[in-house]
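# Residue-level structural notes
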Amino acid sequence: KDRRTMFAGLCQRLHTTPCRSNSTNHASRTFSSMTHRPEWHATTILCVRKEGKVVMIGDGQVSQGHIVVKSNAKKVRRIGKEKNIVVGFAGATADALTFYDKLESALDQYPGQLLRACVELAKTWRTDKYLRKLDASMLVADKNISLELSGVGDILEHPSVMAIGSGGHYALAAARALIDSDRSAEEIAKKAMDIASDMCVYTNKSYTIETVDSGVASPNPNTSNLI
């Protein structure tokens, strides 16, 4: 009788223990899913340089997971003491604003030298352990040069058209197809963004546009330099 009682108790423990474990695991998974933050998606930024004019354009949509949390975000801005430099950023908002502030500080240190300021920012980007973890990229342009600061600290010089973000490839392809047409730089930028917004679910038609007069003709759009 004692052996039967012990055996029955052992079977009961073996039967109920997995249930408690499964319940605990299920609760853990449920809590994890509740506390998981959806990935933030944004954006499309495009820069077109043609016939003495530089146009930087960006959409206004910010998405979190499957939800549009903002439709009129301003991702294109003017910086510099004379406000003659245009910047567009894509990626995590806080990270992008951090790089934006870093670029402004570099321009204060090297006024009127956009390339030098970007090179110094890229050096800091690569060597600073904190900055290397930030997820963002930027397009920067003045009357002389257009640059892309990639998410790994590289600097790309684009003579005519450049784009970043979730819809960047669509906008870039459309702008390159239109660059030799009779359209102006602003018309090309708007049309290319319309195409990108029709194809990319994370891009809308609420645009921010900034322009700079370069006063020089655009070079060959099919070449670019890696600095």
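Residues numbered from 1 in each chain as written. Predicted model: local features only at pLDDT ≥ 70, side-chain atom pairs only at ≥ 80, totals over all residues. Heavy atoms only, no water.

## So, the pattern of salt bridges
Our working definition: Any Lys or Arg side-chain nitrogen located within 4 Å of an Asp or Glu carboxyl oxygen qualifies as a salt bridge. Runs of H or I in DSSP of at least four residues are treated as helices and runs of E of at least two as strands, each being numbered from the N terminus. Exposure classes here rest on a 1.4 Å probe applied to the protein chains alone. A residue is buried below 20% of its type maximum, exposed above 50%, and partly exposed in between.
This structure, assessed with the given rule, holds eight salt bridges. Here Asp213 and Lys53 are joined by a salt bridge, their closest N and O atoms 2.9 Å apart. You can see Asp213 sitting in strand 12 (residues 208-213) and its partner Lys53 sitting in strand 3 (residues 53-58), a full 160 residues away along the chain. Of the residues examined, Asp213 reaches a relative accessible area of 57% and is grouped as exposed. Notably, a salt bridge pairs Glu210 with Arg78, separated by 3.0 Å at the nearest N-O pair. Placement of Glu210 in strand 12 and of Arg78 in strand 6 (residues 76-79) is noted, with a sequence separation of 132 residues between them.

## Some details on unusual backbone geometry
Of note, Glu51 is a non-glycine position whose phi angle comes to about 50°, a positive value. Along the chain, the position of Glu51 falls in the loop between strand 2 (44-50) and strand 3.

## Thoughts on the confidence of the model for the chain
Under the convention used in this document: What pLDDT conveys is the predictor's confidence in a given residue, as a value from 0 to 100. Only heavy atoms matter for contacts: two residues are in contact if any of them lie within 4.5 Å across the pair.
Overall, the prediction assigns the chain a mean pLDDT of 80, with 74% of residues at 70 or greater. Confidence drops under pLDDT 50 across residues 17-21; counting only partners more than four residues distant or on other chains, this segment forms one contact. Confidence over residues 219-227 falls short of pLDDT 50; this stretch has 18 contacts with residues more than four positions distant or in other chains.

## Overview of the nonpolar core
What counts here: By convention a nonpolar core is built from buried Ala, Val, Leu, Ile, Met, Phe, Trp, Tyr and Cys residues, the set being connected through side-chain atoms within 4.5 Å.
With 24 residues, the main nonpolar core has Val87, Leu103, Leu114, Met138, Val140 and Leu149 as its most contacted residues. Elements with a contribution of two residues or more to this core: strand 7 (85-91), helix 2 (93-109), helix 3 (114-127), strand 8 (136-141) and strand 9 (146-149). Ignoring any residue separated from it by four or fewer positions in sequence, one finds Leu103 in contact with Ile79, Val87, Cys118, Leu121, Met138 and Val140. Judged by nonpolar contacts, the second largest core, of 18 residues, contains Ala175, Ala189, Met193 and Ala196.

## Quick notes on the packing of helix 2 against helix 3
Going by this rule: Structural elements are reduced to axes, namely lines fitted to C-alpha atoms, with helices fitted over the stretch in contact, and the angle between N-to-C directions of any two is expressed from 0 to 180 degrees. Note on terminology: angles under 35 degrees are roughly parallel, angles over 145 are roughly antiparallel, angles of 65 to 115 are roughly perpendicular, and the others are oblique. Handedness of each helix crossing follows the sense of rotation of the near helix against the far helix: counterclockwise by less than a right angle gives left-handed, clockwise gives right-handed.
Interhelical geometry of helix 2 versus helix 3 gives an angle of 130° and a closest axis separation of 9 Å. When the axis of helix 2 is compared with that of helix 3, the two are oblique. The crossing of helix 2 and helix 3 is right-handed. Counting all contacts with helix 2, which are made through Phe99, Lys102, Leu103, Ala106 and Leu107, the residues of helix 3 involved are Leu114, Ala117, Cys118, Leu121 and Trp125.

## Some details on helix 3
In plain terms, the rule: Multiplying 1.5 Å by the helix residue count minus one yields the expected span of that helix. The arc under discussion is defined with respect to the helix axis, by the directions toward the C-beta atoms.
Over its 14 residues, helix 3 extends 20 Å from the first C-alpha to the last, a length consistent with the 20 Å expected when each residue adds 1.5 Å. Those residues of helix 3 that sit buried are Leu114, Ala117, Cys118, Leu121, Ala122 and Trp125. Angularly, the buried residues of helix 3 cover 140° about the axis, an arc narrow enough to put them on a single face. Next to the buried residues of helix 3 lie strand 7, helix 2, strand 8, strand 9 and strand 10 (155-157).

## Structural notes on the packing of aromatic side chains
Selection criterion: The pairing test for Phe, Tyr and Trp rings, Trp by its six-membered ring, is centres within 6.5 Å, and the orientation test on the planes gives stacked under 30 degrees, edge-to-face over 60, and tilted for anything in between. Whether a charge lies above a ring is judged from NZ of Lys or CZ of Arg, which has to be within 6 Å of the ring centre and within 35 degrees of the ring normal.
Tallied over the full model, the rule gives one aromatic pair. Relative to Tyr100, the ring of Phe89 has its centre 6.2 Å away and its plane inclined at 65°; by these criteria the two rings are edge-to-face. Of this pair, Phe89 sits in strand 7 while Tyr100 sits in helix 2, and the two are eleven residues apart along the sequence. The exposure classification of Phe89 matches that of Tyr100, with both residues buried. Above the ring of Tyr100, the side-chain terminus of Arg77 is found at 5.4 Å from the ring centroid.

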